[in-house]
Structure formats: C-alpha cells, structure tokens
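# Topology and contacts: notes
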Amino acid sequence: MEYRGYDSAGVAVLTQADGLVVERKAGRLANLVSALDDAGHGAFAGTAGMGHTRWATHGAPIDRNSHPHRDTAGRVAVVHNGIIENFAALRAELEDSGVELSSDTDTETAAHLIAREYDHGSTAGDLPASVRAVCRKLDGAFTLVVTHADQPDQVVAARRSSPLVVGVGEGETFVASDVAAFIEHTRDAVELGQDQLVVISRDGYDVTDFHGDPAHGKPFTVDWDLSAAEKGGHEYFMLKEIEEQPDALANTLRGHFRSGRIVLDEQRMSDQDLRDVDKVFVVACGSAYHSGLVAKYAIEHWCRLPVEVELASEFRYRDPVLDRDTLVVAVSQSGETADTLEAVRHAREQKARVLAVCNTNGAQIPRESDAVLYTHAGPEIGVASTKAFLAQVAANYLVGLALAQARGTKYPDEVAREFGELEAMPSAVAKVLATVGQVRDLGSRMADSRAVLFLGRHVGFPVALEGALKLKELAYMHAEGFAAGELKHGPIALIEDELPVVVVMPSPKGRAVLHAKMVSNISEIQARGARTIVIAEEGDERVRPFADELVEVPAVPTLLQPLVSTVPLQVLAAEIARSRGYDVDKPRNLAKSVTVE
Ligand code: M6R
C-alpha cells in the first residue's frame, strides 16, 4: 500500500503477550521495518492488527504524527485516511476537558474521542457503537480503522467519502483502502457504501450504518491477481506499466463495441438523455485532466458539441452553468480523487448527468455517476500515471464515439471505422516501445538539464502538458508545456543556449498547415539557441533539419496521435529521474490517490 503515501508508516498489533503494541516511523516503510527489528518485534503473534502508510495532511511527516494514533491510556489505536474538517473544535473540546494531545494530527482527536465513548459514554464497552457515535460527530472525509486492547478479536472500520473495502478470506478477514493490500490472501471483496461501518473478526464481517442499522456492502471478485501488482523483474513499476500499455489499450477497447455499437459498462441514463446532451464538461485532475484536453478535440470534431475541460478542483467553485442536458465526464484512474468526486457531486446537484471514466471497479466516482466506462488498464502502482493515462485517452475517444452514435453525427459505419482505427493502436504503441532505447539514452544525457520546455499544437498540446507534468513529478525539474503558437506571446523569452525543448510534431499529412507552422516555431527557437528534441511521425523529412534529436513514432490518424507521442515522453521523464538517482515509483511529496481536497 506504500504507493498511497510514503511520508511515514506504522503498525498496531493486538498481541497476547504485550497487549496493544504500536510502532511507527517517519519516512519509507523500510524505516519502520528497521524500527520493528530494533524493538525485537521480528514477528508478531497477535489476533488482529493494522498498518498504515501516510501522506501527510495535518502535521509534518515526523514520528509523532505517524499513524496509528492512541488515546492517553494507550488502549485504542486508530489509523485514518482523509481529513477531519472540524478537528480544531474537537481538539479544543478535548483539551478543555484535560486531554493532552501528543501529535499535530486530526486523527489523534478520533482516538481520544473513541476512548472517551468506550469508557464513559452511553456506548461504554461497545467498540463498534463507540466508533459510530464518534463518526456521527466528524465532518469531512474519512476512513477510520480502530482496535481496542479489550477487544483482541475485533477490528472496526468506518468510511465517509474515502475508500474502504473488506477482503473475505478463510479464517481471516481484512479491511483496506484498496484490494492490493489483501490480494495475496483473497480475491473475494466487499465494497462499503457511504457512512457505513464494518466490524471484522476471524469469522467474517458485519456492516451497519452510522446509526447501527443493518446495512449491506456490495460483494465483488477482484479480476486480477498478485502478479499484476508486482514488478515482474522490472527495475521499477513505472517501466513495467509503460510496457503494459499495448495491453492496457486493448483491454480498454475490448467489449466496448458490440453488434456495431459502442457500449458503456454501466448506463443509468437513457439513450434519449445521451441524445439530448447539448454541452460537455470534462472534469479531472493531473494526467486525467490532460486526457480530457485530448477528448475535447475528438468530441467537438465527431459530435459537433461544445466541450469544456475543467480542473476538478476549480469546477465547483466558479459556478459553472449546468443543466439536465449537460454531460459531465469525470475522468479518474482511482475513482476516489476528492476534487473530482466533489465536482461530480456538484454537477449532479445541478441536475447534470455524469459519465465516469475510471480504472477502479466500484470506486466512489463511478458509483455516484449516471454512466460508467471502465478503463481496464489493471492496477497502476507507480505514482506517475502512464498506462492509466493512455487508457483514459482511449476511453475518452469511446465516450466521443458513443455521443456521436447517440446524436447521429456519425453514421454506424463511420463509428465502426473509427473504432477499427483505435483497435490498431495497441500495435502502434508496441512499435514505439520497441524503439525507446534511444529515448533512454537521451534521458541519461539530459539528467543535468536545469529546465525543459515542451511544445505542441492541436492534440499535441495536451501531450506537451503531460510530458512536462511527468518530468516535474519524477525528476523535480522545472518543466513547462506550451501551445507552440503561444510561444511568441511571452514564453520565448525563456529560450537560452542549450535549453532542451521537446517538440511534439503534428502529422505532415494529417495536419499539413499546423505542421508547417510548427516547423517555423522550431526554427525560431533553434535560432535562439535551444536544443530541439523532436517527436515526429516516421518519414517526416521536413522536420529533420530542425531536430537536434529526432524521435520517430508510427504514423497514426491525427486525433489518435497522443497515444503514440506520449510514450517517449514517459520514458524520457523516467530515465531522467533514474539518472538523477530519484525513486521513480515514489516521487517526493506525492501519493497515488489524492483523497483530500
Ligand atoms: O486517480 P486520478 O486519475 O483521479 O488521479 C488524478 C491525478 O492525481 C493523477 O493523474 C496525477 O496527476 C498523476 N500523479 C500524474 O502522473
């Protein structure tokens, strides 16, 4: 689970010998392992336990802020994901009643409140009831997992707007934020709903709502196994995931074109609703947002519908104009990104329809949407998105074709032809992968660069943004993506001798006008001393004289170009990061799923 946060890690185990034992350490999991060894805890003999990897929100990533947190008597242990928004008031209330808190976190307040309920409240001696009573007092998004020294056979977990799944094994039961935590032991899982609490024991699980009324989780079987979440001989997950992209694309397309029609995975809105759509918003964050920018070009071209692409974190705060004929496409690998989830909720409150593009079966965003198209990229462990991004781009094209089909802006044979072109993309991406040795070599030579600019036009513009994001997050290098035509309006002032500029060329055949303009842009920057690294279609001889480094990708239809041109940029960023000695899978300050706003 380390990919979800690696600022600190900790465990709490209910042991027969020593009761509740807690160890926690700032930094990577390896630090916790050493601390456990030093403390002589080589292996715990316990009945229940919990572990946590943290991405810091309240309180610096230091030992005392690491989870699990305990109450003053050290009998309750709590791990928590999310943010308790009313924690300042709760903390003040605890302090007024004489409780001394030992950390700067919001989580610790929950530990003290649960202990107080368990010891003195109307729910005394009943751990699930005590946790429920506290959950009702909390504002914000949270997943809590709680143990008590008096209840060695019980773990209680609760969720609101933050993920929690149960794993049902034989003679053992698990709770986790993601099935990856228990896939080694069982593929039988249960998804919990909003404001639900689960009590797990050796024999199974019991779900209630926050008022104690019986509730039901949704059972499902995980359709991948441990090997998908292992490096499989690769030096790092990101490289494995880059290489899995042809499969990720093929799996995303599979099953979505049946009997001559594009089909979604889930549709809780009518075909008429799709026909009535008169405006599309794509809302997403980070790489998913870039996939949305690509979608804009395709959907506007294929469907003749206006498309706006919005950063999910901005969307609901600027009062967008939405109504029941607006389709909001929420793109999220994890399906649990808080900014995107809140954008979905805002859209639905305004009566807009929401279609989720998601890589995680049953995650909160698809659950709260009117339609879902799953990207079947498989688990992505590297924090930087690669195969999930490419799958999102492909899935967004499918959304565009589904809309074109519903609105009749494309005839069935045209939809079939576009889908056929998409089906050829896995082998085009495999072809790119066969030639990335040149990019790796280039990356190792660029390790000392101070900054890199990325330029693109048309669908190459989002690719440039994605290339820059990869480089920033992995190599901690100043990187900016620009629409090439915008350069002369300011950014060209950044060009200096030997500054590497990566240029994503449009196809000379598909977009001849843009190609010509781009060649002019390259000569302008070369004249000012830039070192040009050009990603261009095979056989593009016109651009060759302007390329200090030329990386060729196969010729593909204009709108599909991001699927091939993004790949060298992923490899470039990973190689520069590796050459600079950074952890490619776990870049500093980041976490894979951002479940706080
Ligand atoms: O799970 P999501 O697709 O909603 O995540 C969105 C972003 O947090 C994610 O794409 C992030 O930008 C990646 N680290 C980029 O590589």
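Residues numbered from 1 in each chain as written. Predicted model: local features only at pLDDT ≥ 70, side-chain atom pairs only at ≥ 80, totals over all residues. Heavy atoms only, no water.

### Quick word on the overall build of the chain
Convention followed: Put simply, DSSP H or I for four residues or longer makes a helix, DSSP E for two residues or longer makes a strand, and each gets a number counted from the N terminus. The globule rule is 2.2 Å times the number of residues to the power 0.38, and the radius of gyration it is compared with is taken over C-alpha atoms. To sort residues, take the accessible area from a 1.4 Å probe on protein chains only and compare it with the maximum for the residue type: under 20% means buried, over 50% means exposed, and anything in between is partly exposed. Residues count as neighbours in contact if any of their non-hydrogen atoms are within 4.5 Å of one another. For the purpose of counting charges, residues Lys and Arg are taken to be positive, whereas Asp and Glu are taken to be negative. His and the chain ends are not included. A charged residue contributes its charge at one atom only: NZ of Lys, CZ of Arg, CG of Asp or CD of Glu.
Each helix and strand in the chain was counted, giving 18 helices and 26 strands. Relative to the globule expectation of 25 Å for 597 residues, the C-alpha radius of gyration of the chain, 25 Å, shows essentially globular dimensions. Across the 597 residues of the chain, 60% fall into the buried class. For the chain, restricting intrachain contacts to residue pairs at least 6 apart in sequence, the fraction spanning at least 24 positions comes to 69%. Taken together, the 60 basic and 87 acidic charged side chains of the chain have centroids lying 5 Å from each other.

### Here's the deal with the environment of D323
Worth spelling out the cut-off: A 3.5 Å cut-off defines polar contacts: any pair of N or O atoms within that distance qualifies, except that in protein one atom must be a possible hydrogen donor and the other a possible acceptor, and neighbouring residues in sequence count only when both atoms are side-chain atoms.
Of note, D323 is situated in the loop between α9 (312-315) and β19 (326-332). Distance from D323 to Y476, taken between C-alpha atoms, is 41 Å for residues 153 residues apart in sequence. Residue contacts for D323: discarding those within four places in its chain leaves Q350, K351 and A352. For D323, the side chain forms a polar contact with the main-chain nitrogen of D325, separated by 2.8 Å.

### A closer look at the pattern of salt bridges
Rule in force here: Each reported salt bridge corresponds to a side-chain nitrogen of Lys or Arg within 4 Å of a carboxyl oxygen of Asp or Glu.
Throughout the structure, instances matching the rule amount to 38 salt bridges. Residues E575 and R578 are paired through a salt bridge, measuring 2.9 Å at the closest nitrogen-oxygen approach. Here R578 and E575 lie together in helix α18 (residues 561-579), a separation of three residues that amounts to about one turn. Taking relative accessible area as the criterion, E575 reaches 3% and is therefore assigned buried. A network of salt bridges, in which partner residues are shared, links E235, R440, E575 and R578.

### Digging into the packing of aromatic side chains
For clarity, the cut-off: A pair of Phe, Tyr and Trp rings is counted when the ring centres sit within 6.5 Å of each other, with Trp represented by its six-membered ring. The angle between the planes then sorts it: under 30 degrees is stacked, over 60 is edge-to-face, the rest tilted. We call a charge positioned above a ring when the Lys NZ or Arg CZ atom is no farther than 6 Å from the ring centre and deviates by at most 35 degrees from the ring normal.
For the structure on display, the rule yields six aromatic pairs. The interplanar angle of 65° and the centroid separation of 5.5 Å between the aromatic rings of F281 and F315 together place this pair among those described as edge-to-face. Of this pair, F281 sits in strand β17 (residues 279-284) while F315 is found in helix α9, placing the two residues 34 residues apart along the sequence. Note on accessibility: F281 and F315 belong to one class, buried. Taking the centre distance of 4.3 Å and the plane angle of 35° together, the rings of Y476 and Y582 count as tilted. Highlighted residues: Y476 in the loop between α16 (460-475) and β23 (478-483) and Y582 in the segment after α18, separated in sequence by 106 residues. A cation over an aromatic ring shows up here: R588 above the ring of Y476, its NZ or CZ 3.9 Å from the ring centre.

### A closer look at the nonpolar core
Under the convention used in this document: By nonpolar core is meant a set of buried Ala, Val, Leu, Ile, Met, Phe, Trp, Tyr and Cys residues that side-chain atoms within 4.5 Å join together. What marks off one domain from the next here is an automatic or database domain assignment.
Judged by nonpolar contacts, the single largest core of 91 residues is most densely connected at V280, Y397, L403, F454 and L471. Among the elements that line this core, the one with the most residues is helix α12 (residues 387-407), at 13 residues. Counting only domains with at least three residues in this core, you end up with domain 2 (234-423) and domain 3 (433-579). The contacts of V280, once residues within four sequence positions are left out, are L305, P306, V307, E308, L327, V329 and L403. Within the second largest apolar cluster, 27 residues are counted, among which are V76, I84, V131 and V199.

### Topic: the site of the ligand
The condition that has to hold: One heavy atom within 4 Å of a molecule or strand is enough for the residue carrying it to be called near that molecule or strand. Residue classes follow a fixed rule: Ala, Val, Leu, Ile, Met, Phe, Trp, Tyr, Cys and Pro count as nonpolar, while Asp, Glu, Lys and Arg count as charged, and any other residue, Gly among them, counts as polar.
Taken together, 14 residues surround the ligand, and among them S332, Q333, S334, T337 and E473 come closest. One of the backbone N or O atoms of V383 is found 3.2 Å from a nitrogen atom in the ligand. One of the backbone nitrogen or oxygen atoms of S385 is found 2.8 Å away from an oxygen atom of the ligand. Elements with a minimum of two residues in the shell around the ligand: α8 (286-303) and α16. With three residues, α8 is the largest single contributor of residues to the shell around the ligand. Counted by class, the shell around the ligand contains four nonpolar, eight polar and two charged residues.

### Section: helix α6 (residues 245-253)
Quick note on the threshold: Regarding the arc, it is the one traced by the directions from the helix axis to the C-beta atoms.
Inspection of α6 places Q245, P246, A248, L249, T252 and L253 among the buried residues, and these make up the whole buried set. Down the axis of α6, the buried set is contained in an arc of 165°. They therefore lie on one face. The first or second residue beyond α6 is G255, which carries a positive phi of 80°.

### Describing unusual backbone geometry
A cis amide bond, omega 0°, links H67 with the succeeding residue P68. Its location among the elements puts P68 in the loop between β3 (46-54) and β4 (69-70). Non-glycine residue D319 carries a positive phi angle of around 55°. Here D319 shows up in the loop between α9 and β19. Phi is positive for Y476, close to 50°, though the residue is something other than glycine.

### Some thoughts on the sheet that holds strand β22 (residues 451-456)
Stated formally: We call two strands paired when DSSP finds no fewer than two bridges between them. Inter-axis angles, ranging from 0 to 180 degrees, are taken between N-to-C directions of lines fitted to C-alpha atoms, where helices are fitted over the stretch in contact.
Ordered by their spatial adjacency, five strands build an open sheet running β23-β22-β24-β25-β26, and the pairing between neighbours is parallel. In this open sheet, the two strands that pair with only one neighbour each are β23 and β26 (549-553). Between one strand axis and the next, the sheet turns by 20° as a mean value, whatever way the strands run. Against the sheet, helix α15 (residues 437-445) makes contact with β25 (531-537) and β26, and its axis sits at roughly 150° relative to β26, the strand it touches most.

### Thoughts on the packing of α6 against α12
Worth spelling out the cut-off: Put simply, angles under 35 degrees are roughly parallel, angles over 145 are roughly antiparallel, angles from 65 to 115 are roughly perpendicular, and the rest are oblique. In this scheme the handedness of a crossing depends on how the near helix is turned from the far one: anticlockwise by less than a right angle means left-handed, clockwise means right-handed.
Two elements in contact, α6 and α12, have axes separated by 9 Å at closest approach and are oriented at 30°. Between α6 and α12, the crossing angle belongs to the class labelled roughly parallel. Between α6 and α12 lies a crossing of right-handed hand. Taken together, the residues of α12 that come into contact with α6 (itself represented by Q245, A248, L249, T252 and L253) are K387, L390, A391, A394, A395 and L398. Split by residue class, the contact of α6 with α12 holds eight nonpolar, two polar and one charged.

### What about the side chain of Q561?
The topology assignment puts Q561 in helix α18. When sequence neighbours within four positions are dropped, the list of residues in contact with Q561 reads V459, M505, P506, S507 and V556.

### Some details on the domain arrangement of the chain
For the chain, the domain assignment lists domain 1 (2-222), domain 2 (234-423) and domain 3 (433-579). Here the C-alpha centroids of domain 1 and domain 3 sit 46 Å apart.

### Structural notes on the sheet that holds strand β20 (residues 353-358)
Strand order across the open sheet formed by six strands is β16-β21-β20-β19-β17-β18, with mixed pairing between neighbours. Single-partner strands in this sheet number two, and they are β16 (266-267) and β18 (307-311). For β20 and strand β21 (residues 371-374), the ladder comprises four bridges, and the chain directions are parallel. Its bridge partner being in β21, V357 is matched across the sheet by L373. Running over the sheet, α8 touches β17, β18 and β19 and is turned about 175° from β18.

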